[in-house]
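Residue-level structure breakdown
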Amino acid sequence: MISTSLLPLETPTPAHICPFDQACSYLEQAARELKLDQGILATLSNPRKVVTVSIPVKRDDGEVQVLAGHRVQHCDILGPYKGGIRYHQAVTLREVSALAMLMTWKCALLGIPYGGAKGGIAINPKSYSVGELERITRRYTSELIKDIGPAVDIPAPDMGTSAREMAWIMDTYSVNVGHAVPGVVTGKPLSIGGSRGREMATGRGVMITVREALADLGKSLAGVRVAIQGFGNVGGAAALLLHQAGAKVIAVSTGTGGVFAQDGLDIPALQAYAAHNRRSIVGFPQAESITNSELLTLPCDVLIPAALENQITEENVHQVQATIVAEAANGPVTLQANQALAARGVTVLPDILTNAGGVVVSYLEWVQGLSYVFWDEERVNREMEQLMVRAYHQVIEQSQLRQIPLRLAAYTLGVGRVAQALSDRGLYP
Ligand SMILES: NC(=O)C1=CN([C@@H]2O[C@H](COP(=O)(O)OP(=O)(O)OC[C@H]3O[C@@H](n4cnc5c(N)ncnc54)[C@H](O)[C@@H]3O)[C@@H](O)[C@H]2O)C=CC1
Ligand SMILES: O=C(O)CCC(=O)C(=O)O
C-alpha cells in the first residue's frame, strides 16, 4: 500500500474497516488497470491538505466543550475543491480523507470542473440545540476562513447538515470578508442564491441511475421492489421519487430502526409521520417493524444503502438477496463484500456514480450564482439528468470495453481524467 504521510494511523480493532485504506485500494486497482505511473499514484494517494481546527463551544448549560473539526482537501487539479460537511459521532480524520478522495473521482467522472474535499465534526447533531449548532458551525467556518472560498473550496451539505448550516457558513464567511459571497457554499437556501432542485438532487440521481440500470436489464421501475437504508436527505428523496415512478418501496430505515410493508409503503404518509415524530419512522401504523440489519437482507430487487459506510460486509453479504445494490451512501459496501457480490453477478452501482446528483446540482447552483441567472426546477432537473445519464453510459461502455466491474470502470474514468490533467498541467513531470 502507498504511504499516506499526512494522516495519523487509527488504532485497528478486529471489526474496524478503515474507509481510507479501502479508498486507496480502489485507487490502486484503477491505477493497475490504467498502468498509471507510480509517482502519479503516490501523489493521488495523499490528500493535498489536511486541516484540523479546534472548536470551543459554550453549551447552553454553561459547560465549555472543545471539538475537533476537519477539512481534507484531496486534489484540486480540475478546479476548486468541492465536497460536503458531515456532522456525525463516528467522524474521523481518515474517514473524512476517504470521502474527500471519493469526491475527486466523482467530480471527474461527472465531468464537472472541481476537485475533491470533505469536512466533518465528530458530534451527534441531535444532542445539540440549534443555538449550539449555530455556534459550532460559525466557529468552524471562522477557523477555516483562509482555506475555503468560491474559487478555493466550496462546502455543501452531507450527513447531519443541511441548507441551514450552509446559510450559517455563507453568513460567517461573508461577514469575515466584508461582502456577501453566496458562492462559498452550495446547497444553501433559495433566499440567498440556492438552486431549485438541490434538496432532492442526490435522491433524484439515485432514482435515475437505478432506472437506467433496470432499463439495461429490460425492466422498468414500475413494480420493482426496493429496500432503502437511511431516510434522510438522500434516502428520503430517493424513496419518494421511486414511489412516484411506480416502484414498490417495501422497507426503509433510520438510525433507530425501520419499517416494512410487503405491498409497498405509502412514502408520502411515511414522510408526514416522520415529520411529526422528530424524524423517527418507528411505529408507523401501516407497516411492520424491522431492524436495520434485517432490511439489508430482505428479498427485493433493488437494495439502496443511503446512510453510512461499511453496511454490507463480509458478515452479511451472503444474505443480501437484491439483484441490484445502488450505493446512495458513500462507501456502504466493503471491499470484500463488493467482491462477493460481483462473484454472484449482483450489479453494484458504485457510489461515485449513483450519488453524484447532489454535487451535479451543486455545480449547477454555482454556475447560476456566477452568472446571476437562476433557472426553474425543470431546467435544473433536466441538466442534471443529462450529466447523470451521460456518466452512467460512459461507465457501462468502459466496463464492456475493458471487461471490468462497474466500480472499477467508474474509477478508471475518474482517476484517468485526474491523472491526465495532472500530467498535462506539468505538476508531475
Ligand atoms: N446530502 C447529499 O447531498 C449527499 C449525501 N451523500 C451520502 O449519502 C449518505 C446519507 O447522507 P444524507 O442523506 O445527506 O444524511 P442525513 O443526515 O440527511 O440522513 C442520514 C439518514 O441515515 C440514517 N442513519 C444514521 N445512522 C444509521 C444507521 N446506523 N443505520 C441506518 N440508518 C442510519 C439517519 O437516521 C438518517 O435517516 C451519506 O453517506 C452521505 O455521504 C452522498 C452524496 C450527496
Ligand atoms: O454537493 C456537494 O458539493 C457535495 C456532495 C457530497 O458531499 C457528496 O457527493 O458526497
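These figures come from a predicted structure and were not determined experimentally.

Section: the sheet that holds strand 3 (residues 81-87)
- The 5 strands lie next to each other as 1-2-4-3-5, forming an open sheet whose pairing is mixed. Looking at the sheet topology across the chains shown, the edges are occupied by strand 1 (49-58) and strand 5 (153-157). For this sheet the average axis-to-axis angle between neighbouring strands, irrespective of direction, equals 20 degrees.
- Pairing of strand 3 with strand 4 (residues 116-121) involves 3 bridges; the strand directions are parallel. Among the inter-strand pairings, Tyr-87 is bridged to a residue of strand 4, identified as Ile-121.
- Across the sheet, helix 4 (residues 130-143) touches strand 1, strand 2 (64-75), strand 3 and strand 4, and the angle it forms with strand 1 is around 140 degrees.

Digging into the UniProt feature "binding site: substrate" (unreviewed entry) in the protein chain
- Feature annotation in UniProt places "binding site: substrate" (unreviewed entry) on Lys-82, Lys-106 and Ser-362, given in this structure's numbering. Look at the named residues: they lie 281 residues apart in sequence, but the longest C-alpha span between them is just 12.8 Å, so in the fold they bunch up.
- Within the secondary structure layout, Lys-106 lies in helix 3 (residues 93-110).
- Residue contacts for Lys-106: discarding those within four places in its chain leaves Asn-330, Asp-351, Ile-352, Asn-355, Ala-356 and Val-359.
- Here Ser-362 shows up in helix 12 (residues 357-371).
- Among the residues examined, Ser-362 registers a relative accessible area of 1% and is labelled buried.
- Apart from the residues within four sequence positions on either side, Ser-362 is in contact with Lys-82, Tyr-114, Ala-156, Thr-186 and Arg-198.
- Only 2.8 Å separates the side chain of Ser-362 from the side chain of Thr-186, close enough to count as a polar contact.

Quick look at the site of ligand 2
- Inspection of the region around ligand 2 gives 13 residues, with Lys-82, Gly-84, Lys-106, Lys-118 and Ser-362 positioned closest.
- A distance of 2.6 Å separates an oxygen atom of ligand 2 from a polar atom in the side chain of Lys-82.
- Backbone polar atom of Gly-84 to an oxygen atom of ligand 2: 2.9 Å apart, as the coordinates give it.
- Counting residues per element, the ones that place at least two in the shell around ligand 2 are strand 3, helix 3 and helix 12.
- Grouping the amino acids of the shell around ligand 2 by side-chain chemistry returns 3 nonpolar, 5 polar and 5 charged.

Details of the pattern of salt bridges
- This model, assessed by the stated rule, comprises 22 salt bridges.
- Across the salt bridge formed by Glu-33 and Arg-402, the nearest N and O atoms sit 3.1 Å from each other. With Glu-33 in helix 1 (residues 19-34) and Arg-402 in helix 13 (residues 377-402), this pair connects stretches of sequence that are 369 residues apart.
- Overall, the relative accessible area of 32% leaves Arg-402 in the partly exposed class.

Structural notes on the nonpolar core
- One finds Leu-242, Val-252 and Ile-304 to be the most contacted residues of the largest nonpolar core, which totals 93 residues.
- A total of 11 residues in this core trace back to one element, the largest contributor, which is helix 14 (residues 406-425).
- Those residues in contact with Val-252 that lie beyond four places of it in its chain are Ile-228, Phe-231, Ala-239, Gly-258, Val-259, Leu-265, Leu-270, Ile-281 and Leu-295.
- By size, the runner-up hydrophobic cluster in this structure holds 24 residues, among which are Tyr-87, Leu-144, Trp-168 and Val-184.

A short note on the UniProt feature "active site" (unreviewed entry) in the protein chain
- Taking the UniProt record as the reference, the feature "active site" (unreviewed entry) is found at Lys-118.
- For Lys-118, the location among the structural elements is in strand 4.
- Judged by relative accessible area, which is 2%, Lys-118 ranks as buried.
- The residues touching Lys-118, leaving out its near neighbours within four places in the chain, are His-70, Arg-71, Val-72, Gly-83, Gly-84, Val-96, Leu-99, Ala-100, Met-103, Asp-158 and Asn-330.

Some details on the packing of aromatic side chains
- Tallied over the entire structure, the rule returns 5 aromatic pairs.
- When the ring of Tyr-114 is compared with that of Trp-366, the centres are 5.0 Å apart and the planes differ by 55 degrees; the resulting orientation is tilted. You can see Tyr-114 sitting in the loop between helix 3 and strand 4 and its partner Trp-366 sitting in helix 12, a full 252 residues away along the chain.
- Between Tyr-273 and Phe-284, the ring centres sit 5.5 Å apart and the planes meet at 70 degrees, which makes this aromatic pair edge-to-face. On the criterion of sequence distance, the pair formed by Tyr-273 in helix 8 (residues 267-276) and Phe-284 in the loop between helix 8 and strand 9 (288-290) is long-range, its members being 11 residues apart.
- Overall, Phe-284 belongs to the buried group, its relative accessible area being 4%.
- An aromatic cluster is present here, built from Tyr-114, Tyr-363 and Trp-366 joined pairwise through their rings.
- The ring of Tyr-114 has Lys-82 sitting right over it, with the charged end atom 5.9 Å from the ring centre.

Observations concerning the site of ligand 1
- What surrounds ligand 1 is a group of 23 residues, the closest being Arg-86, Asp-158, Thr-202, Asn-233 and Ala-307.
- In this structure, an oxygen atom belonging to ligand 1 sits 2.9 Å away from a main-chain N or O atom of Gly-160.
- Sorting the residues of the shell around ligand 1 by element identifies helix 6 (198-216) and helix 7 (233-244) as the ones contributing at least two each.

Remarks on helix 1
- In this model helix 1 runs 23 Å from its N-terminal to its C-terminal C-alpha over 16 residues, within 8% of the 22 Å that 1.5 Å per residue would give.
- Of all the positions in helix 1, only Pro-19, Phe-20, Gln-22, Ala-23, Cys-24, Ser-25, Tyr-26, Leu-27, Glu-28, Ala-30 and Ala-31 are classed as buried.
- In this structure, the buried residues of helix 1 make contact with helix 2 (38-45), helix 3, helix 10 (335-343) and helix 14.
- Once helix 1 finishes, Lys-35 follows within two positions and takes phi at roughly 50 degrees, a positive value.

Some details on the pairing of strand 6 (residues 225-229)
- With 4 of 5 residues buried, strand 6 lies mostly within the body of the structure.
- The sheet contact formed by strand 6 and strand 7 (residues 248-254) spans 5 bridges and is parallel. What sits directly across from Ala-227, in strand 7, is Ala-251.
- Assessed by its sense of winding, the connection that carries the chain from strand 6 through helix 7 to strand 7 is right-handed.

Rules used in this analysis
- Residues numbered from 1 in each chain as written.
- Chains lettered and ligands numbered in written order.
- Predicted model: local features only at pLDDT ≥ 70, side-chain atom pairs only at ≥ 80, totals over all residues.
- Heavy atoms only, no water.
- Pairing = 2+ DSSP bridges.
- Helix = DSSP H or I, 4+ residues; strand = E, 2+ residues; numbered from the N terminus.
- Axes fitted to C-alpha atoms, helices over the stretch in contact; angles between N-to-C directions.
- Contact = heavy atoms within 4.5 Å.
- UniProt positions renumbered as here; feature names shortened; annotations may be inferred.
- Buried < 20%, exposed > 50% of the residue type's maximum accessible area, 1.4 Å probe, protein only.
- Polar contact = N/O pair within 3.5 Å; in protein donor to acceptor, adjacent residues only side chain to side chain.
- Near = heavy atom within 4 Å.
- Nonpolar A, V, L, I, M, F, W, Y, C, P; charged D, E, K, R; others polar.
- Salt bridge = Lys/Arg side-chain N within 4 Å of Asp/Glu carboxyl O.
- Core = buried A, V, L, I, M, F, W, Y, C linked by side-chain atoms within 4.5 Å.
- Phe/Tyr/Trp six-rings, centres within 6.5 Å; stacked < 30°, edge-to-face > 60°.
- Lys NZ or Arg CZ within 6 Å of the ring centre and 35° of its normal.
- Expected span 1.5 Å × (residues − 1).
- Right-handed = clockwise from strand over helix to strand, strands pointing away.

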